[in-house]
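# Observations on the three-dimensional arrangement
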Protein chains: 2
Amino acid sequence: MERAVTSSASRLTRRQQAILGAFEGADAPMTAREAWEAARDEIPTIGLATVYRAVKTLTGEGSLRQIEIVDETPRYEPATRPHHHHFFCRACGRLFEIRKCPPSLRDMVPDGFAMEDHSIVLYGSCEECLATA
Amino acid sequence: MERAVTSSASRLTRRQQAILGAFEGADAPMTAREAWEAARDEIPTIGLATVYRAVKTLTGEGSLRQIEIVDETPRYEPATRPHHHHFFCRACGRLFEIRKCPPSLRDMVPDGFAMEDHSIVLYGSCEECLATA
DNA sequence: CTCATTGCAAAACGTTTGCACAAAA
DNA sequence: TTTTGTGCAAACGTTTTGCAATGAG
């Protein structure tokens, strides 16, 4: 029963590690471009295409999770984070983590269907933006 | 107390009506390009840019709702449809409507935040694809 | 040596925009 | 006339890909 905790992440190259590290170091989901900017601190010559390739690989492998927000370019977060959802503030564009998850989701799955994942995004205004408004 | 039922849809041009009609006539959310193809049956000379402009206007106005699915281009559906969510089958790429909605969503909103909308997407396999598998 | 990874530039894709023209008011 | 809408083609931002060079084993 000695199984790796770090998911199925096969051996990663130094660049791929740097990219995954960029996502792990961030306090919020990032875009591919943002991860590229972060990774360049460590590997200045890294190309944007390499980041896109790594993001695709890591997402397929299950090391990264892709988050879709209306009218925003996709963001990614490490799949090692505990299960949660997101609140997107339309005023400031920030994405907040929500730890709660509705218990009744299973009931929504139609008979005969098999749910693998789910995503919940709440849209509105954050406390700070409401105060400033 | 005589208010229009058809949301805030201001006066629409013939093309804009045709585009909205395309979404209303579809049995599932459509992409802008698909709406364009449908609208061309009625107005063969309509341009794709017109569809994109109309979709943006109609979405902003609240006549259309935008649906985001991981790795898919955005789809739209008439906002007049009763509240529901979606199940995306990764095997066949079809989007299914789910009428149920978890009652406890309010509890997920952080204190001080104001939720305007929410979106729930379930990912997995539909009954048909499971049978064929 | 062999094979996978990378940088770069070009291509592809979905979407937006500038502009001249047409339609509506 | 003034304003708004439209087609077209060009521009845009994001993502993918072809290919030669590099790196790992």
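Coordinates for the structure precede this section.
So, here's what we can say about the structure. These figures come from a predicted structure and were not determined experimentally. (Residues numbered from 1 in each chain as written. Chains lettered and ligands numbered in written order. Predicted model: local features only at pLDDT ≥ 70, side-chain atom pairs only at ≥ 80, totals over all residues. Heavy atoms only, no water.)

### Describing the side chain of His-85 of chain A
- By secondary structure assignment, the location of His-85 of chain A is in strand β3 (residues 85–89).
- With a relative accessible area of 3%, His-85 of chain A lands in the buried category.
- A polar side-chain atom of His-85 of chain A sits 3.1 Å from a polar atom in the side chain of His-118 of chain A.
- In this view, His-85 of chain A contacts Phe-96, Glu-97, Ile-98, Lys-100, Cys-101, His-118, Ser-119 and Ile-120 of chain A together with Met-108 of chain B; residues no more than four positions away in its chain are not counted. (Helix = DSSP H or I, 4+ residues; strand = E, 2+ residues; numbered from the N terminus. Buried < 20%, exposed > 50% of the residue type's maximum accessible area, 1.4 Å probe, protein only. Polar contact = N/O pair within 3.5 Å; in protein donor to acceptor, adjacent residues only side chain to side chain. Contact = heavy atoms within 4.5 Å.)

### Quick word on helix α1 (residues 14–25) of chain B
Residues and elements named next belong to chain B.
- Along its twelve residues, α1 runs 16 Å from first to last C-alpha, staying within 8% of the 16 Å computed at 1.5 Å per residue.
- Ala-18, Ile-19, Leu-20, Ala-22 and Phe-23 are the residues of α1 that are buried.
- Of the surrounding elements, those touching the buried residues of α1 are α2 (32–42), α3 (48–61), β1 (64–67) and β2 (75–78). (Expected span 1.5 Å × (residues − 1).)

### Re the protein's contact with DNA strand C
- In the vicinity of DNA strand C, 15 residues are found, and the nearest of them are Thr-13, Arg-15, Gly-47 and Thr-50 of chain A together with Tyr-52 of chain B.
- Among all atoms of DNA strand C positioned within 4 Å of the protein, those belonging to sugar or phosphate total 67%.
- Within the side chain of Arg-53 of chain A, one N or O atom sits 2.9 Å away from a base nitrogen of DNA strand C.
- Among the elements that make up the surface near DNA strand C, the one with the highest residue count is α3 of chain B (four residues).
- Considering only residue class, the surface near DNA strand C consists of five nonpolar, six polar and four charged. (Near = heavy atom within 4 Å. Nonpolar A, V, L, I, M, F, W, Y, C, P; charged D, E, K, R; others polar.)

### Describing the environment of Ile-46 of chain B
Residues and elements named next belong to chain B.
- Its place among the elements puts Ile-46 in the loop between α2 and α3.
- Since its relative accessible area comes to 3%, Ile-46 is described here as buried.
- As a C-alpha pair, Ile-46 and Gly-112 span 66 residues in sequence and 46 Å in three-dimensional space.
- Apart from the residues within four sequence positions on either side, Ile-46 is in contact with Arg-15, Ile-19, Trp-36, Ala-39, Arg-40 and Val-51.

### Side note on the packing of aromatic side chains
- For the structure on display, the rule yields eight aromatic pairs over all chains.
- When the centroid spacing of 5.0 Å and the interplanar angle of 85° are considered together, the rings of Phe-113 of chain A and Phe-87 of chain B count as edge-to-face. Linking Phe-113 of chain A in the loop between β4 (95–98) and β5 (114–125) with Phe-87 of chain B in strand β3 (residues 85–89), this pair reaches from one chain into another.
- Residues Phe-113 of chain A and Phe-96 of chain B carry aromatic rings whose centres are separated by 5.0 Å and whose planes lie at 85° to one another, so their mutual orientation is edge-to-face. Of this pair, Phe-113 of chain A sits in the loop between β4 and β5 while Phe-96 of chain B sits in strand β4 (residues 95–98), placing the two residues on different chains.
- Taken together, Phe-87 and Phe-96 of chain A together with Phe-113 of chain B form an aromatic cluster joined through their ring pairs.
- Positioned over the ring face of Trp-36 of chain A is Arg-40 of chain A, at 3.8 Å from the centre of the ring. (Phe/Tyr/Trp six-rings, centres within 6.5 Å; stacked < 30°, edge-to-face > 60°. Lys NZ or Arg CZ within 6 Å of the ring centre and 35° of its normal.)

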